[in-house]
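Structural description and commentary
So the chains spell out like this:
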Amino acid sequence: MKLYLFGYPLGHSVSPQIHQTFLNQLGLKGEYTLLSCDQEEFERQIDRLKQNQVDGFNITIPYKQEVIKFLDRLDPTAEAIGAVNTVVVEDGEWVGYNTDGLGYVQSLKEHFPELFKRKINVLVLGAGGASRGIIHAILKESIHRLTIANRSLSKAEEIVDLFAGSNQVTTLEASSYQEAEKKIETYDLIINTTSLGMVPNETSQAVQLDGIKKEAIVSDIVYKPLNTQLLKQAKSLGARVHHGHEMLIYQAKLAFEMWSQQTIDLEPIKKDLERKLFRN
Ligand code: ATR
């Protein structure tokens, strides 16, 4: 299989190792190649792929929206979010999907199977692309109140408007970080989707967690470092944590399953991937 990842900059992406592990598990021959390209090069490379045989590719920052104009179709999730992270070639057509949110929720449910058994209150920190994907997926679960807190309130309000009416949630609201912090004890699940806590901003976090419920789950999509300041604080307060590499592995799994039309079993490979790729 010929697979690619577009982005800029890609730095030390671990995606090639993740996909190589998937190829190995299914006994498939192939390669997952990083294409770290600037704007001009991005368009040139996309044109080149159109001329050649390709099985599919991933897109990451900053091209998740930009890529849409090159596609033949979008699936409803990618359409709703307005961003694509996976392109699948279906009968010669390029189809855009977004597996970030679905992958994230799948991993959350595997770790905490009891989580959505009752109606919970969720706080999402951040209102960028990752936040949209996660909110779109999580709104299909059992949620009473979902608060989107962001530095720029207008971006959180945009997401509220986008999803208002299309879900069963009792309250969908936008908030500042300060206001969310005042109600921190009301949340069962707190998800950081901002880059706060990621190198080189290791010492920052959007909200302080003092007063959270003991049984709360704090989840961070940052995986560099794995133990962000937010998660360290959550642990020190006795809460349960969910680490950033989970979304990365699960979104990759869903993408690979679409490209290969086969199922990946994470059970025998996940520990090894974690040990090799996420030891920080
Ligand atoms: P992604 O696709 O990873 O979600 P993004 O769309 O650029 O990236 O969104 C980044 C998110 O991190 C936003 O919620 C952003 O807040 P603003 O909308 O207010 O910009 C948040 N973020 C990034 N740097 C931040 C900082 N220094 N302080 C607070 N929030 C920050």
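See the structure above.
First things first, this report covers the structure right here in the doc. Remember, predicted model here, so these are calculated numbers, not experimental data. (Residues numbered from 1 in each chain as written. Predicted model: local features only at pLDDT ≥ 70, side-chain atom pairs only at ≥ 80, totals over all residues. Heavy atoms only, no water.)

Here we look at the overall build of the protein chain
Heads up, the rule is: A run of DSSP states H or I qualifies as a helix once it reaches four residues; a run of E qualifies as a strand once it reaches two. Both are numbered from the N-terminal end. The rule is simple: take the accessible area with a 1.4 Å probe, protein chains only, and divide by the maximum for that residue type; under 20% is buried, over 50% is exposed, in between is partly exposed. Here the Shrake-Rupley method, with its probe set to 1.4 Å, supplies the accessible areas, and only the displayed protein chains count as covering residues. Asp and Glu count as negative and Lys and Arg as positive, but His and the ends of the chain are not part of the count. We put the charge of a Lys on NZ, of an Arg on CZ, of an Asp on CG and of a Glu on CD.
Within the protein chain, the secondary structure is distributed over 10 helices and 12 strands. Each of the three principal axes of the protein chain carries a C-alpha extent, and together these read 55 × 40 × 35 Å. Split into buried and exposed, the 280 residues of the protein chain put 53% on the buried side. In the form shown here, the protein chain has an accessible surface area of approximately 13100 Å², with 49% of it arising from carbon and sulfur atoms. The average position of the 31 basic charges and that of the 36 acidic charges among the side chains of the protein chain differ by 5 Å.

Details of the sheet that holds strand β11 (residues 217-220)
Selection rule: Any two strands with at least two DSSP-identified bridges between them are counted as paired. Whenever a helix is involved, its axis is fitted only over the stretch in contact; in every case the axis is a line through C-alpha atoms, and angles between N-to-C directions fall within 0 to 180 degrees. Any two residues having at least one pair of non-hydrogen atoms within 4.5 Å are treated as being in contact.
Sheet architecture is open: 6 strands sit in the order β9-β8-β7-β10-β11-β12, paired in parallel fashion. Edge positions in the sheet fall to β9 (171-175) and β12 (240-242), since each has one partner strand and no second. The sheet shows a mean angle of 15° between the axes of neighbouring strands, direction not considered. Taken together, the 6 bridges between strand β7 (residues 120-125) and strand β8 (residues 143-149) define a ladder with parallel strand orientation. Residue pairing in the sheet places L125 in a bridge with A149 of β8. Strand contacts of helix α8 (residues 229-236): β10 (189-192), β11 and β12, with the helix running at about 165° to β11, the strand carrying the most contacts.

Notes on helix α6 (residues 153-163)
Applied cut-off: The arc in question is traced by the directions running from the helix axis to the C-beta atoms.
The set of residues buried in α6 consists of A156, I159, V160 and F163. Looking straight down α6, one finds that the buried residues subtend no more than 100° of arc, so they occupy a single side. Each element contacted by the buried residues of α6 is listed here: α5 (129-138), β8 and β9. Of the residues one or two after α6, G165 is the one with positive phi, at around 90°.

Some remarks on the nonpolar core
Spelled out, the test is: Put simply, a nonpolar core is a bunch of buried Ala, Val, Leu, Ile, Met, Phe, Trp, Tyr and Cys residues held in one set by side-chain atoms that sit within 4.5 Å of each other.
Grouped together as the largest cluster of nonpolar side chains are 29 residues, with contacts concentrated most on I138, L146, I148 and L189. Elements represented by at least two residues in this core include exactly α4 (100-111), β7, α5, β8, α6 and β10. The residues contacting I138, other than those within four sequence positions of it, are V105, L108, F116, I143, L146, L189 and I191. Y32, V95, L226 and A252 belong to the second largest nonpolar core, which has 26 residues in total.

Points about the site of the ligand
Under the convention used in this document: Think of it this way: one heavy atom of a residue within 4 Å of a molecule or strand is enough to make that residue near it. The definition of a polar contact used here is a pair of N or O atoms within 3.5 Å, where within protein one atom must be able to donate a hydrogen and the other to accept one, and adjacent residues in sequence count solely through side-chain atom pairs. Throughout, the protein atoms alone are placed on a 1 Å grid, and a set of points is a cavity if a 1.4 Å probe fits but cannot get out or a pocket if it is open with protein on both sides within 12 Å along at least five of seven lines; lining residues have an atom within 4 Å of a point. Just a note on the criterion: a molecule sits in a pocket or cavity if more than half of its atoms are within 2 Å of the grid points.
Neighbouring residues of the ligand: 13 residues in total, closest A127, N150, R151, S152 and K155. Backbone polar atom of A127 to an oxygen atom of the ligand: 2.9 Å apart, as the coordinates give it. Within the contact set of the ligand, an oxygen atom lies 3.1 Å away from a backbone nitrogen or oxygen of G129. With the chains in place, 67% of the 640 Å² that the ligand exposes on its own is no longer accessible. When each cavity is represented as a set of grid points, the ligand is found to reside in the largest pocket.

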